[in-house]
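One-letter residues, chain by chain:
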Amino acid sequence: MDLFLQQLVNGLALGGVYCLAAVGLSLVFGVLRIPNLAHGALYMRGAYGTYYAMTALGVPYVAPIGIAAVVLAAVGVGMERLIFHPLRNSPHTHHMIAAIGAMFFFQSLIQAIWGADFRQMPSPISGTLSLAGAQISWQRIVIIVAAVAILALLAVFMKRSVHGQSIEAIEQDRTGASLVGINPDRVSMLTLGLAAALAAVAAGLVAPLNLLSPTMGAALDMKVFAIIILGGLGSLPGAIVGGFVLGIAEAMASTYISTGVSEAIAFVLLVGVLAIRPTGLFSPAVSR
Amino acid sequence: MSLLETRGLGKRFGGLDAVKDVSLDVEEGKITAVIGPNGAGKSTFFNLLAGFYAPTSGTVRFRGEDITGMAPHKTVKRGIARTFQTTHLFDDSTVLENVLAGRVVRSKENVFDAVFRTPRSRREERANLDAAWEALHFTGIEDFAHDPAGAVPQEVQKRTAVALALATEPTLLLLDEPAAGITEEETESFGTLVRQIVARGVTVCLVEHKMSMIMSLADHILVLERGQTLAEGTPAEIQADPRVIEAYLGTDDEDDAAAAGQSTGQSAVQSTVEGRA
Amino acid sequence: MTAPVTAGRRPAQRSRWLVLGLGVVGAVVLLGAPALLTESDYTLRLMTMALVYAIATYGMNVILGFTGQLSLAHAGFFGIGAYVTGILTVDHDWSFWAAFVVSVVVTAVTGFLAGLLALRTKQEYFAIYTMATGFIVYLVISRWSDVTHGQQGLIGVKLPEGGDLVDFAEPSAMYYLCLAFLAVAVYATWAIRRSTVGRTLIAIRTSEDLAKSIGVNVGLNKQLAFAASTTIAGTAGALYATTMGFIGPSVSSVNMTFEMLMFLLIGGMGTVFGPIIGTFLVVFLFELMQDFQAYRFLVIGPVIVALVIFAPRGIAGYFQKVVARFVDAPSEATTKTVKTRTGEGDGVVPAQRAAVPPALTKEAR
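Quick caveat, the model's predicted, so the values are computed rather than measured.

About the criteria used
- Residues numbered from 1 in each chain as written.
- Chains lettered and ligands numbered in written order.
- Predicted model: local features only at pLDDT ≥ 70, side-chain atom pairs only at ≥ 80, totals over all residues.
- Helix = DSSP H or I, 4+ residues; strand = E, 2+ residues; numbered from the N terminus.
- Buried ≥ 20, exposed ≤ 12 C-beta atoms within 10 Å, placed from the backbone.
- Contact = placed C-beta atoms within 7 Å.
- Nonpolar A, V, L, I, M, F, W, Y, C, P; charged D, E, K, R; others polar.
- Pairing = 2+ DSSP bridges.
- Axes fitted to C-alpha atoms, helices over the stretch in contact; angles between N-to-C directions.
- pLDDT = per-residue confidence, 0-100.
- Core = buried A, V, L, I, M, F, W, Y, C linked by C-beta atoms within 7 Å.
- Domains from an automatic or database assignment.
- Parallel < 35°, antiparallel > 145°, perpendicular 65-115°, else oblique.
- Expected span 1.5 Å × (residues − 1).
- Left-handed = near helix turned anticlockwise from the far one by under 90°.

A.B. asks: Looking at this structure, how should I read the overall build of chain C?
C.D. replies: Scanning chain C from N- to C-terminus turns up 14 helices and two strands. Taking all 365 residues of chain C together, the buried fraction comes to 50%. Partitioning the contacts of chain C with sequence separation of at least 6, the portion at a separation of at least 24 is 79%.

What follows is the structure, given as structure tokens:
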């Protein structure tokens with residue numbers, strides 16, 4: 001029972017991280033209509049950003065994440081301006097190829113600065129909590145709480161603030177929204193910046209638990225894509241549900257089955273769902 | 001038996017009926033037009049006829065065969081061709097290349113023929129070129145054959161689209177707002193082209209906004225409003241129908257209504273329009 | 001009746017001869033390379049490897065260049081081809097040619113099956129789905145150690161059996177074998193490009209709606225193009241295994257796909273010579289930049305982005321556009337008008353149409 005509880009918490013923590021990354025990607029897809037294949041790289045940079053702020057600048061935990069988020073937001077906006085905006089009239093394959101190029105660049109940049117080896121970020125929150133006989137690390141609890149809090153904030157932002165609503169409007173109907181004065185370019189920039197920031201936060205939260213490496217983004221990429229496809233591209237509730245489901249599934253699988261299976265779960269689910277329902281689980285039905 | 005007939009055709013998106021219960025007979029050798037104010041469901045109905053949308057209710061029969069919900073690539077094979085409202089062309093290819101693309105459906109050539117340059121492939125290439133040039137000549141744009149399709153004037157692009165469609169050897173040609181964005185003079189010569197197409201043996205059904213063109217061209221008109229049939233008949237009947245005028249005046253299409261009246265000089269309509277103004 | 005019709009004569013296509021000339025020069029260089037490189041086995045082997053990569057890139061050209069679908073599983077099938085050949089020859093003592101045939105068949109079948117699922121999805125999903133598929137292949141190859149030897153890789157892949165005629169231990173023999181396959185790939189691409197099949201695929205790439213409206217069965221054609229691309233990749237993979245002699249899981253990694261993507265992008269998507277130009281250029285550039293290994297990806301990233309924004313047609317496409325403009329005679333500056341016919345269309349086939357060279361399709365880029 002305590003093992004189960006422990007893994008449940010692990011799963012929720014993992015899920016929380018996945019959610020934050022997935023939600024950003026989902027937003028980008030809804031607004032720009034392309035999957036940002038460089039999302040994992042943004043995530044990875046966020047982790048390194050936090051790492052840098054912590055080690056080089058010696059700033060305590062929360063602040064580095066904040067710094068990393070801001071920096072990444074700027075990077076996200078930069079990507080929109082330099083890459084996606086010039087390509088707005090090109091076929092979608094071009095966007096995806098450009099995202100791949102960006103991903104290469106980010107990865108190699110980090111590698112050039114910090115090398116390809118794994119790095120360990122010092123864990124700022126140590127110690128565990130004893131609950132029902134299980135040892136649960138505080139770090140994980142922090143992750144869960146933070147993830148939920150941020151998601152809640154995001155929901156409020158989307159529904160209540162003008163900016164959030166403009167994102168939703170553009171998602172629904174790009175031309176219609178621009179006709180009522182919403183600037184699609186601004187929204188694109190905002191969305192990409194927001195998504196990057198979310199990825200950075202996700203990375204910063206989970207970094208102390210895992211090792212950092214320039215390729216950490218690639219592995220995450222797959223899973224996050226699997227999540228939003230499961231949940232439906234552009235659907236936020238789908239991304240959230242998908243994130244937690246996958247997190248828990250992976251945690252359970254790695255304990256009760258094997259680590260190999262837990263790694264493959266994301267893709268197996270992905271392939272399986274796409275085979276049955278090519279538009280994902282939660283996406284609005286599109287008629288021919 | 002009509003060439004194309006729809007019975008109770010409908011398309012539902014989510015909770016909304018874009019088209020509801022529309023029945024139409026397209027007679028062979030005649031020009032049929034579908035008109036209606038903005039938002040009347042003309043485009044949706046058109047896409048239903050062309051197979052780009054699958055209907056949620058009703059049937060479509062072509063030459064007696066039930067083609068309801070049939071995919072476009074199959075209906076093209078059976079002889080229904082269409083153009084698009086915003087001209088879809090291969091911008092980087094020449095006008096001739098574009099029209100040649102229309103021959104794809106009538107070609108039996110496959111990969112092996114292409115790679116091994118079999119006699120069949122060469123025969124077909126020749127036949128295709130012949131057909132393409134004929135279509136270019138027919139639509140009057142042979143001067144532009146080697147120009148990139150993206151670089152030619154609007155009118156030439158529209159005619160390229162028509163030539164492309166004609167290259168598929170259709171029995172029925174569906175034109176989606178062919179006169180959009182061209183001048184009055186060009187519209188008139190386009191109308192002439194449409195009549196020539198019919199004279200050649202291809203039935204035409206078009207969706208169009210320009211009343212002047214419709215009234216002088218169409219043999220049979222279907223008026224849609226809010227996705228449903230409002231009226232049906234000859235141009236004279238439609239122009240005299242108060243419900244049609246009402247529908248157009250109720251929206252911002254006053255110009256259309258006035259033009260509808262003007263093209264045959266019907267003073268009754270004119271005075272109604274002026275009286276209300 | 002209308003005035004006598006003259007079909008517009010094709011503007012002088014001097015650029016066509018130029019391209020042909022360059023092609024011949026290139027072919028001569030490629031054919032003569034082994035003779036020139038008797039001192040340098042290493043360079044010859046490098047070129048052989050480039051030939052193999054180029055073949056794989058031609059496969060990507062079919063699905064991405066012509067049909068406009070981004071398949072990120074390409075290296076996965078390259079890897080399948082390599083590993084089927086490797087496993088059969090190393091662990092089961094099959095002859096190379098037998099293993100080769102099996103490789104081709106396996107990649108064709110698995111490609112077709114994967115395509116069944118992949119192509120029911122929309123375009124954006126397709127890229128992600130293929131990325132996942134490729135990743136699964138990589139996972140299987142790197143983890144299923146019992147069969148694939150996992151991270152250790154396979155050593156000792158057999159050389160092709162040449163009977164008494166050819167000894168494939170000679171680097172030049174291997175080179176010519178790969179060159180032969182490449183020549184087939186180039187020819188097939190050229191033949192398809194100017195045929196109905198090519199037009200069909202390009203139609204799908206340009207606009208699926210337009211393709212449907214000319215009677216193209218979009219779904220089926222995408223699937224066939226995808227299966228063709230995986231088969232070509234698998235063939236290249238089998239050749240790779242035998243030329244290298246040893247293979248590791250990295251041949252099926254997504255990084256490999258990205259490298260091929262780069263070759264294709266630089267050379268020119270959807271062109272006949274693009275893959276070969278791009279592959280050779282990049283392979284040799286990387287060779288020269290050996291010392292700067294770490295930095296090469298730093299440069300490649302922005303290069304890809306810049307290419308995709310400014311020159312998506314790559315070198316081959318750029319060449320065609322720019323050179324053609326300078327070298328070709330401008331089309332006759334007659335005033336062009338839209339002709340209105342009086343009376344019915346007379347169905348006249350213009351007499352001089354026959355003078356139009358069939359290669360007019362070359363101008364379509």
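On we go from here.
A.B. asks: Hey, could you run me through the overall build of chain A in this one?
C.D. replies: A count of helical and extended segments in chain A gives eleven helices and four strands. Taken across its 288 residues, chain A has 52% of its residues classed as buried. Of the contacts made within chain A by residues no fewer than 6 positions apart, 78% connect residues no fewer than 24 positions apart.

A.B. asks: For this particular structure, what's the right way to read the interface of chain A and chain C?
C.D. replies: At the junction of the two partners, chain A supplies 36 residues and chain C supplies 33 residues. At the level of secondary structure, the elements contributing two or more residues to the side of chain A that touches chain C comprise α4 (92-114), α9 (216-231) and α11 (259-276) of chain A. Tallying contributions element by element places α4 of chain A first for the side of chain A that touches chain C, with 16 residues. Residue classes in the side of chain A that touches chain C are distributed as 27 nonpolar, eight polar and one charged.

A.B. asks: Would you mind going over the sheet that holds strand β5 (residues 65-66) of chain B with me for this structure?
C.D. replies: Residue and element names in this part refer to chain B. Read from one edge to the other, the open sheet built from four strands follows the order β2-β1-β4-β5, with strand pairing classed as antiparallel. Of all the strands in the sheet, just β2 (16-26) and β5 have a single pairing partner and so form its edges. Lying on the sheet, helix α1 (residues 42-50) is in contact with β1 (4-13), β2 and β4 (57-62); it crosses β2 at an angle near 60 degrees.

A.B. asks: For this particular structure, what's the right way to read the pairing of strand β3 (residues 31-35) of chain B?
C.D. replies: Residue and element names in this part refer to chain B. Of all five residues making up β3, five are buried, and the element is well covered by its neighbours. Of the two faces of β3, both are covered, the one formed by Ile31, Ala33 and Ile35 as well as the one formed by Thr32 and Val34. The pairing of β3 with strand β8 (residues 203-207) spans four bridges and is parallel. Across the sheet, residue Val34 finds its bridge partner in β8, namely Val207. Examined bridge by bridge, β3 and strand β9 (residues 220-225) share four bridges and lie parallel to one another. Of the residues in β9, the one forming a bridge with Ile35 is Val223.

A.B. asks: Is there a simple way to think about the sheet that holds β3 of chain B in this case?
C.D. replies: Each strand in a sheet pairs with its neighbour through backbone hydrogen bonds, running either in the same direction (parallel) or in the opposite one (antiparallel). Residues and elements named next belong to chain B. In space, the six strands of this open sheet follow the order β6-β7-β8-β3-β9-β10, with mixed pairing throughout. Two strands close off the open sheet at either side, each with one partner strand: β6 (80-82) and β10 (228-233). Strand-to-strand, the axes of this sheet are offset by a mean angle of 20 degrees, without reference to chain direction. Pairing geometry for β9 and β10, over five bridges, is antiparallel. The residue of β10 that forms the bridge with Ile221 is Gly233. Its contacts with the sheet put helix α7 (residues 184-199) on β3, β7 (172-176) and β8, and the angle it makes with β8 is roughly 145 degrees.

A.B. asks: What am I meant to see in the pairing of β9 of chain B here?
C.D. replies: Note on strand geometry: in a regular strand, side chains alternate between the two faces of the sheet. Residues and elements named next belong to chain B. Most of β9 is tucked away, with six of its six residues classed as buried. A two-sided burial pattern is seen for β9, the buried positions comprising His220, Leu222 and Leu224 on one face and Ile221, Val223 and Glu225 on the other. Turn length for the β9-β10 hairpin, with the two strands adjacent in sequence and antiparallel, is two residues, and the turn residue Arg226 shows positive phi of about 50 degrees.

A.B. asks: Looking at this structure, I do not really get the confidence of the model for chain A. What am I missing?
C.D. replies: Low-confidence regions, as indicated by low pLDDT, have predicted coordinates that should not be scrutinised in detail. Residue and element names in this part refer to chain A. Confidence in the prediction of chain A, expressed as mean pLDDT, is 76, and 83% of residues score 70 or more. The secondary structure element of chain A with the lowest average pLDDT is strand β2 (residues 128-131), at 63, and the one with the highest is helix α3 (residues 62-84), at 83. Ignoring residues within four places in sequence, the model shows residues 284-288, a span with pLDDT below 50, making five contacts including any to other chains.

A.B. asks: When you look at unusual backbone geometry in this model, what are you seeing that I'm missing?
C.D. replies: Here Arg226 of chain B, not a glycine, exhibits a phi torsion of approximately 50 degrees, which is positive. In this fold, Arg226 of chain B is placed in the loop between β9 and β10. Looking at Arg226 of chain B, the number of C-beta atoms within 10 Å reads 15, which means it is partly exposed. With a phi close to 70 degrees, His149 of chain C is a non-glycine residue in the positive phi region. Position of His149 of chain C relative to the elements: it lies in the loop between α6 (145-148) and β1 (154-155).

A.B. asks: Please clarify how the nonpolar core should be interpreted in this entry.
C.D. replies: Buried together is how nonpolar side chains tend to be arranged in soluble globular proteins. Ala21 and Ala226 of chain A together with Ile55 of chain C are the most contacted members of the largest nonpolar core, which totals 284 residues. Among the elements that take part in this core, helix α1 (residues 2-32) of chain A stands out by supplying 17 residues, more than any other. Two domains share this core, each providing at least three of its residues, namely domain 1 (7-36 + 313-355) and domain 2 (40-294) of chain C. Residues in contact with Ala21 of chain A, not counting those within four places in the same chain, are Tyr43, Leu198, Ala199, Ala202, Leu220 and Val224 of chain A.

A.B. asks: Help me understand the packing of helix α6 (residues 162-172) of chain A against helix α8 (residues 184-206) of chain A, please; the structure alone is not making it clear to me.
C.D. replies: All names here are of chain A. It is the contact of α6 with α8, at a shortest axis distance of 10 Å, that shows an interaxial angle of 110 degrees. Comparing their axes, α8 and α6 come out roughly perpendicular. Residues His163, Ser166, Ile167 and Ile170 of α6 lie in contact with α8, whose contacting residues are Pro184, Val187, Leu190 and Thr191. Looking at the contact of α6 with α8 residue by residue, the class counts come to five nonpolar, three polar and no charged.

A.B. asks: What exactly am I supposed to notice about the environment of Gly181 of chain B here?
C.D. replies: Residues and elements named next belong to chain B. Within the fold, Gly181 resides in the loop between β7 and α7. Accessibility expressed as a C-beta count within 10 Å gives 14 for Gly181, which makes it partly exposed. Considering only alpha carbons, one finds Gly181 and Gln154, 27 residues apart in sequence, at a separation of 7.8 Å.

A.B. asks: Any chance you could explain the environment of Gly86 of chain C here in plain terms?
C.D. replies: Checked against the element boundaries, Gly86 of chain C lands in helix α3 (residues 74-90). When the C-alpha positions of Gly86 of chain C and Ala99 of chain C are compared, they lie 8.1 Å apart, and in sequence the two are 13 residues distant.

A.B. asks: Would you take a moment to explain α3 of chain C for this structure?
C.D. replies: Because each turn of an α-helix spans 3.6 residues, side chains separated by three or four positions in sequence point in the same direction. End to end, α3 of chain C covers 24 Å across 17 residues, agreeing with the expected 24 Å (1.5 Å per residue, within 8%). Summarising burial for α3 of chain C: 16 of the 17 residues are buried, a large majority.

A.B. asks: Looking at this structure, I do not really get the environment of Val70 of chain A. What am I missing?
C.D. replies: Residues and elements named next belong to chain A. Examined against the element boundaries, Val70 turns out to sit in helix α3. Residue Val70 is classed as partly exposed on the basis of its C-beta count, with 15 C-beta atoms lying within 10 Å. Considered as a pair, Val70 and Gly49 are 21 residues apart in the sequence and their alpha carbons are 10.0 Å apart.

A.B. asks: Even after reading the chapter, I still don't get α9 of chain A, so can you show me in this structure?
C.D. replies: Here α9 of chain A contains 16 residues, and its C-alpha end-to-end distance of 23 Å stays within 8% of the 22 Å for a straight helix at 1.5 Å per residue. In terms of burial, α9 of chain A is a largely internal element, 15 of the 16 residues being buried.

A.B. asks: Sorry if this is basic, but what is going on with the packing of helix α2 (residues 39-55) of chain A against α8 of chain A here?
C.D. replies: A pair of packed helices is characterised by two quantities: the angle between their axes and the separation of those axes. All names here are of chain A. Remark: α2 packs on α8, axes separated minimally by 7 Å, with the N-to-C direction vectors making an angle of 55 degrees. By the angle between their axes, α2 is oblique relative to α8. The handedness of the crossing between α2 and α8 is right-handed. Together, His39, Leu42, Tyr43, Met44, Gly46, Ala47, Gly49 and Thr50 of α2 and Ala196, Ala199, Ala200, Ala202, Ala203 and Gly204 of α8 make up the contact between the two elements. Of the residues in the contact of α2 with α8, the class split is nine nonpolar, five polar and no charged.

A.B. asks: How should I be thinking about the confidence of the model for chain C in this particular structure?
C.D. replies: Residue and element names in this part refer to chain C. Taken as a whole, chain C shows an average pLDDT of 80; of its residues, 82% reach a score of 70 or greater. Taking the mean pLDDT of every element in chain C, the minimum, 74, falls on helix α14 (residues 314-327) and the maximum, 93, on α3. Between residues 1-9, whose pLDDT stays under 50, and residues either more than four places distant or in other chains, the model counts 20 contacts. Below a pLDDT of 50 lies the segment residues 343-365, which in the model reaches 46 contacts outside its immediate sequence neighbourhood of four places, other chains included. Across the predicted assembly, pTM comes out at 0.81 and ipTM at 0.76.

A.B. asks: Sorry, what's going on with the domain arrangement of chain C here?
C.D. replies: All names here are of chain C. Taken domain by domain, chain C comprises domain 1 (7-36 + 313-355) and domain 2 (40-294). Contacts between the two partners involve nine residues from domain 1 and, on the opposite side, 15 residues from domain 2. Counting residues per element, the ones that place at least two in the side of domain 1 that touches domain 2 are α1 (14-36) and α14.

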